[in-house]
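Residues per chain are reported as follows:
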Amino acid sequence: MTVQQRNSIISRVWWVISFAALAILVAVLLAIFWFVAVRGFPALKFSLFFTVTSGLAGGLANAIAGTVLLTVIGLALVIFFGIGAGVWIVEVASPRGRQLLRFTVDVLAGVPSIVVGYFLYVALVEGLGWGFSLIAGSVALAIIMLPYVVRAADLALSTVPTELREGAIALGARPTVVLFSIAFPWALPGITTGLLVATGIALGETAPLIYTAGWSSFMPSLAPTHSPVGYLTYVVWTFISQPSDAAHALAYAAAALLMVLIFATNLVARGLVESWAARTLKRS
Amino acid sequence: MATRAVDVVAATTIPKPKSMAAQTALVRIWTTGTAIICGALVLLMLLFLFAFAWPAIKYNGWTMLTSIYWNIGDQYATGTTVHNGVAAQPGANFGSLVFIYGTLMTSILAMLGAVPLSLLVAFALVYRIPARIRPGVNALVELMAGVPSVVYGLWGVVVLVPFIGQQLAPFVTSHLSGVPFVGGAAGSGNGLFASAVILALMVTPIMVATMRDVMLAQSKALYEASVALGSTSWQAVTRVVVPSVRNGVFASVLLAFGRALGETMAVLMVCGAAANEFPSNIFQTVNTIAAIIVSQLESASTDASGIAQRSLAELALILFVITLTINIIARLIMRGTDRLGKSNA
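These figures come from a predicted structure and were not determined experimentally. (Residues numbered from 1 in each chain as written. Chains lettered and ligands numbered in written order. Predicted model: local features only at pLDDT ≥ 70, side-chain atom pairs only at ≥ 80, totals over all residues. Heavy atoms only, no water.)

1. Considerations on the overall build of chain B
Here is step 1: Tallying secondary structure elements over chain B gives 14 helices and four strands in all.
Here is step 2: Its C-alpha atoms give chain B a radius of gyration of 26 Å, clearly above 20 Å, the size a compact globule of 345 residues would have.
Here is step 3: Projecting the C-alpha coordinates of chain B onto the three principal axes gives extents of approximately 80 × 70 × 35 Å.
Here is step 4: For chain B, the residues scored as buried account for 49% of the 345 residues in total.
Here is step 5: For chain B, the share of sequence-separated contacts (at least 6 apart) that also reach a separation of at least 24 residues comes to 79%.
Here is step 6: Of the roughly 15400 Å² of accessible surface on chain B, 66% is carried by carbon and sulfur atoms. (Helix = DSSP H or I, 4+ residues; strand = E, 2+ residues; numbered from the N terminus. Rg over C-alpha atoms; globule rule 2.2 N^0.38 Å. Buried < 20%, exposed > 50% of the residue type's maximum accessible area, 1.4 Å probe, protein only. Contact = heavy atoms within 4.5 Å. Areas by Shrake-Rupley, 256 points an atom, 1.4 Å probe, with all protein chains shown as cover.)

2. Side note on the packing of aromatic side chains
Here is step 1: Scanning the entire structure with this criterion turns up 25 aromatic pairs over all chains.
Here is step 2: Note on Trp215(A) and Phe239(A): the rings are 6.5 Å apart at their centroids and 70° apart in plane angle, and the pair reads as edge-to-face. Of this pair, Trp215(A) sits in the loop between α8 (207–210) and α9 (232–239) while Phe239(A) sits in helix α9, and the two are 24 residues apart along the sequence.
Here is step 3: Look at Trp215(A) and you get partly exposed, because its relative accessible area is 22%.
Here is step 4: Among the aromatic side chains, those forming a connected cluster through ring pairs are Trp215(A), Tyr231(A), Tyr234(A), Trp237(A) and Phe239(A).
Here is step 5: Above the face of the Trp15(A) ring, Arg128(B) is positioned so that its terminal group lies 4.8 Å from the ring centre.
Here is step 6: When the ring centre of Phe52(B) is taken as reference, the NZ or CZ atom of Arg310(B) above it lies at 4.5 Å. (Phe/Tyr/Trp six-rings, centres within 6.5 Å; stacked < 30°, edge-to-face > 60°. Lys NZ or Arg CZ within 6 Å of the ring centre and 35° of its normal.)

3. Section: the layout of surface pockets
Here is step 1: Of the pockets and cavities examined, the second largest pocket occupies roughly 430 Å³.
Here is step 2: Looking at the lining of the second largest pocket, the elements that each hand over two or more residues are α9 of chain A together with α11 (265–270), α12 (289–295) and α13 (297–301) of chain B.
Here is step 3: Considered class by class, the residues forming the lining of the second largest pocket number 15 nonpolar, eight polar and one charged. (1 Å grid on protein atoms, 1.4 Å probe; cavity = no way out; pocket = protein on both sides within 12 Å on 5 of 7 lines; lining within 4 Å. Points joined across faces, edges and corners; volume = space filled by probe spheres on them. Nonpolar A, V, L, I, M, F, W, Y, C, P; charged D, E, K, R; others polar.)

4. Side note on helix α7 (residues 192–217) of chain B
Residues and elements named next belong to chain B.
Here is step 1: Between its first and last C-alpha, α7 extends 37 Å over 26 residues, near the 38 Å set by a 1.5 Å rise per residue.
Here is step 2: Its maximal kink placed at Val-203, α7 deviates by approximately 30°, while the proline Pro-205 follows within four residues.
Here is step 3: Of all 26 residues in α7, 19 are buried, a share of seventy percent or more. (Expected span 1.5 Å × (residues − 1). Bend = angle between axes of the 7 residues up to and from the residue.)

Structural data, given as structure tokens:
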């Protein structure tokens, strides 16, 4: 056997192993989807959406409302802070400042979510005496989402063509007009994609909420402080370790619901990326 | 329809100059203010946790890093023990060596499996998958990265742990009884091995995505030149492409390692919540810093002296510092490769 023949066999064997690795990964993924679908969808009864959890049974209305509320308020916060910081990076900062903020925001993305949760527990829940509350939980989710949104805003605003800005300025537009009427419309799909990706992450978070939102089996009261809030991931985590079929069914239903919500958000985000890419291609 | 800048500007009602100056100032305050808050957040968290944990740091001293016993002390005792000027309940001892060990061991074991797996998958994805099905596979990998950790935990509790406890562990421990760290008691399925498997599954999609991007960013010319010179496609990938992107690959491994160290829920659900002892083999129960912080929530808040809560903050600080160091190194490497890429271009 020549060297070439041997090498070509080795190459082929390794590629087969690579494909086997890919197949294993896809198989595990499909196994998890299958597992959640088979156990979750039969448990997902219509009444779950309208009844609150009571003890180890009941419905998911409180958890669904809590998850939605926490995510929406978190989103509102992160839109204000994340996009503001993104605009600063692109429009205001000096090169040094730009580099510094990009770096710290990247580092923030690597902070374990439980550390964020415990920090807020010490600072807001105990320190400011807010108790387990809607606002503490929303702040936690906002911090988790922040790096994704800042990066998306930074990236999207950086792609605004210079000619477009210069054209506007030449026509007498002030900086704020350039920002709100030229740069933002251009960057909107990119920023929206970032917000959707961040929403997907926030929907699936548990660790930062345990210490901030707490848990409640009642509907969220809308009071900003001193009123714990339930959320779907908590149901998955705690109800599966309870020795009752009703509790297990709730955990599976919550998991299925979470997966559907997260995949829907991710799919919309992907679609946006593609339509955005198509639009940019058409223009150039 | 394409929007032209001219149309946009023409359609914009131009406000009066005075309000415009105010607008500009407002936008400046908004962007600069939020930028300062975002930039200072990591430092703020670090300092705040440090300040809160300070009494615990004084009370615990090196015990935190050298002792394996975590005990919030006798809550019904009258009087307190004072150590280094800080009072705690009698018998209180906060040692986290078991948790630090568990955090590192679960993540290192996970990476031992996940790194080769991710590299192989990334190779196949970039150099071998037909272009037609590549977007589909990419979408699957990204969906997998989006699965919440409690769902991995749920799967772990219901499928993986029983499989390990009833089939894998008894089989392996009986056939490899002489191998250190593998042979011995089979356990229930919860523990080091289950945690490592779950972590490996969780970080693999993240690593695949970053490794894929690093390889795609590398010019295809290297690969093609290597093949043209007579190397096999496998040689071209492993001997030419990989050395040229090794910094990026290393950084993505570090980022994933940081993620694994801080992962909470999935590990909490399958680790078996060990306390005060090390696992005798990979099938025994462990505990991690992140998991213990969650599971100690209630018991720490009952501590009359408050030192248990501050000790948890010290634990959070230890995890924070470890992951921060790893992340900063990874980001610096990535930035280095960015600069390299630019100078080559």
